[in-house]
Amino acid sequence: MIRRRDGRKRTAAAVLVGALTLSAGVIAAGPAGAWELPPRDYATWHEYEAATAGGSPGPLVVAPGDIVWYADTLENEIVKVPAAAPASVEHFRLGALAPGISDLAAASDGTIWFGDFLNAAIGRLDPATGDVTEYPLGGAFDTATSLTNGPDGALWFGDPSNGGIGRIALDGSITRVPDPAGAGVYGIAAADDGRLWYTRDGLGSLGAYDPATGDLDIVPVGVSGFTGLTAAASGGVWVGGIDTVVKVETDGAVSKRITIPAPPFSPVVPRHLVSADDVDLAFTDGDRGLGRVDLWGNVSFSRPPFAGSEPDRLGVTSYGSLWYSDRGRQTLGNV
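Owing to the predicted nature of the structure, the values given are computational and were not obtained by experimental measurement.

This part takes up the overall build of the chain. In terms of helices and strands, the chain carries 0 helices and 31 strands. Taking all 335 residues of the chain together, the buried fraction comes to 57%. When contacts within the chain are restricted to residue pairs at least 6 apart in sequence, long-range pairs at least 24 apart make up 45% of them. Total accessible area computed for the chain in this model is approximately 13,400 Å², and 52% of it derives from carbon and sulfur atoms.

Strand order in this open sheet of 4 strands is β17-β18-β19-β20, and the pairing throughout is antiparallel. Strands at the two margins of the open sheet, each flanked by one partner only, are β17 (188-190) and β20 (216-220). This sheet shows a mean twist of 25° between the axes of neighbouring strands, independent of strand direction. In terms of strand pairing, strand β19 (residues 205-209) meets β20 through 5 bridges, oriented antiparallel. Within the sheet, the bridge partner assigned to Gly-207 lies in β20 and is Ile-218.

Let us now look at the pairing of strand β14 (residues 155-159). In terms of burial, β14 is a largely internal element, 5 of the 5 residues being buried. Direction of pairing for strand β13 (residues 145-149) relative to β14: antiparallel, over a ladder of 3 bridges. Within β14, the position partnered with Thr-145 by the bridge is Gly-158. Between β13 and β14, which pair antiparallel and follow one another directly, the connecting turn spans 5 residues, one of which, Gly-153, has a positive phi of 90°.

With that settled, the discussion passes to the pattern of salt bridges. Note on pairing: side chains with opposite charge can pair once their charged atoms come close. Under the defined criterion, the tally for this structure stands at 14 salt bridges. One salt bridge in this structure joins Lys-247 and Glu-249, with 3.4 Å as the shortest N-O distance. Each of Asp-142, Asp-159 and Arg-176 takes part in salt bridges that share partners, so that together they form one network.

On to the nonpolar core. Formed by 16 residues in total, the largest nonpolar core has its most connected members in Trp-69, Ile-78, Ile-101, Leu-104 and Leu-125. If we ignore the near neighbours within four places in the chain, the residues touching Trp-69 are Pro-59, Leu-60, Val-61, Ala-63, Ile-78, Val-79, Lys-80, Phe-92, Leu-104, Ile-112, Leu-125 and Pro-127. In terms of nonpolar packing, the next biggest core, distinct from the first, is built from 14 residues, Ala-189, Trp-197, Leu-229 and Val-239 among them.

The subject of this paragraph is the sheet that holds strand β21 (residues 226-231). Read across the open sheet, the 4 strands follow the order β21-β22-β23-β24; overall the sheet is antiparallel. Looking at which strands have only one partner, the edges of the open sheet turn out to be β21 and β24 (254-259). For this sheet, the mean inter-axis angle between neighbouring strands, taken without regard to orientation, is 15°. Here strand β23 (residues 244-248) runs beside β24; their pairing, made up of 5 bridges, is antiparallel. From the neighbouring strand, Val-248 faces β24, where its bridge partner is Val-254.

Mean pLDDT over the chain: 88, with 87% of residues reaching 70 or higher. Here residues 10-16 is modelled with pLDDT under 50, and outside its nearest four sequence neighbours on either side it reaches 23 contacts, counting other chains as well. In this model residues 18-42 is a low-confidence stretch, pLDDT under 50, and it forms 61 contacts with partners more than four residues away in sequence or in other chains.

Among the 5 residues that make up strand β15 (residues 164-168), 4 are buried, leaving the element largely enclosed by the rest of the structure. Alignment of β14 against β15, held across 5 bridges, turns out to be antiparallel. What sits directly across from Leu-155, in β15, is Ile-168. Once β15 ends, the chain turns through 5 residues before running back antiparallel as strand β16 (residues 174-178), passing Gly-172 with a positive phi of about 95°.

Turning our eyes to something else, we now look at the packing of aromatic side chains. Following the criterion strictly, the structure yields 6 aromatic pairs and no others. Relative to Trp-323, the ring of Tyr-48 has its centre 5.8 Å away and its plane inclined at 10°; by these criteria the two rings are stacked. One end of the pair, Tyr-48, is in strand β4 (residues 44-49); the other, Trp-323, is in strand β30 (residues 322-326), and 275 residues separate them in sequence. Accessibility expressed as a relative area gives 9% for Tyr-48, which makes it buried. With 5.6 Å between their ring centres and 40° between their planes, Trp-69 and Phe-92 make a pair best called tilted. Highlighted residues: Trp-69 in strand β6 (residues 67-72) and Phe-92 in strand β8 (residues 88-93), separated in sequence by 23 residues. Taking the relative accessible area as the measure of exposure, Phe-92 reaches 1% and is therefore buried.

In this structure, Ala-120 takes a positive phi of about 50° despite not being glycine. Tracing the backbone through its elements, the reader meets Ala-120 in the loop between β10 (112-116) and β11 (121-125). One non-glycine residue, Phe-265, adopts positive backbone phi at about 65°. Position of Phe-265 among the secondary structure elements: in the loop between β24 and β25 (271-276).

What counts, and at which threshold
Residues numbered from 1 in each chain as written. Predicted model: local features only at pLDDT ≥ 70, side-chain atom pairs only at ≥ 80, totals over all residues. Heavy atoms only, no water. Helix = DSSP H or I, 4+ residues; strand = E, 2+ residues; numbered from the N terminus. Buried < 20%, exposed > 50% of the residue type's maximum accessible area, 1.4 Å probe, protein only. Contact = heavy atoms within 4.5 Å. Areas by Shrake-Rupley, 256 points an atom, 1.4 Å probe, with all protein chains shown as cover. Pairing = 2+ DSSP bridges. Axes fitted to C-alpha atoms, helices over the stretch in contact; angles between N-to-C directions. Salt bridge = Lys/Arg side-chain N within 4 Å of Asp/Glu carboxyl O. Core = buried A, V, L, I, M, F, W, Y, C linked by side-chain atoms within 4.5 Å. pLDDT = per-residue confidence, 0-100. Phe/Tyr/Trp six-rings, centres within 6.5 Å; stacked < 30°, edge-to-face > 60°.

See the structure below:
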């Protein structure tokens, strides 16, 4: 365990750099959607400069209370942005560790955890004190992917270097669960059945692990290359693949398989999937912006109305507002 006590906290005002009100409209699409659609009926897009000038928002998570947290590796900090008051930001400096942050997760005790691929570790930020602690994963090339809250109060993660999934308790102790085939795991999500579902890279199937019993089920889903995974607010999980998204129920049944039309040589790559009560599924695609699948399986795309915008990481509030980091403009946005 490596602890730093120089995770200083300071406050500053965020800058709203653009807002555009769009006229309301309704988009109708068949279950397959369309590969290029006009903006859907979002009311207003907002864009915010990085909290520190010269920074670039990256991985983000929306924590309970609709608090947006994002990592800025250029400025070596994690930033807190209340969704209801985005001008009231707080900065948390990460000190000499200078982690390479791949994911963020908000734990049940209010701490913020992150995968650190540069230091082969998992990090923990305590916002109450500003302290940053790192827990080595054990191997020089180990990585923790797709951190998520588990039903047991611990954080779970994909463990591709060791062919399985991992668990880190709030005290920093780490345990591992191997996949039967040693599959590389890059996506993991806690579904409403109390199990951890994860992608099995290259095998076209998901694993569903019950931490209460230790039972593991293998669920074929017919996706050859996974691009994302999230727990569905309506139950089960959503998985993404090239030109497709698939809804899998907790009994293993595929209830929706949606093919997204795309022109030749420009596939749809749904990444950073999220789901909430008012957003059955949302994702980002590098060429098309924000994608959304409604309850009827209709697919639509919309792009922020800012030149060069390229939404990347994605989170959703309790009331359905989508927040994203924009790697094209190095800003934070919401709609």
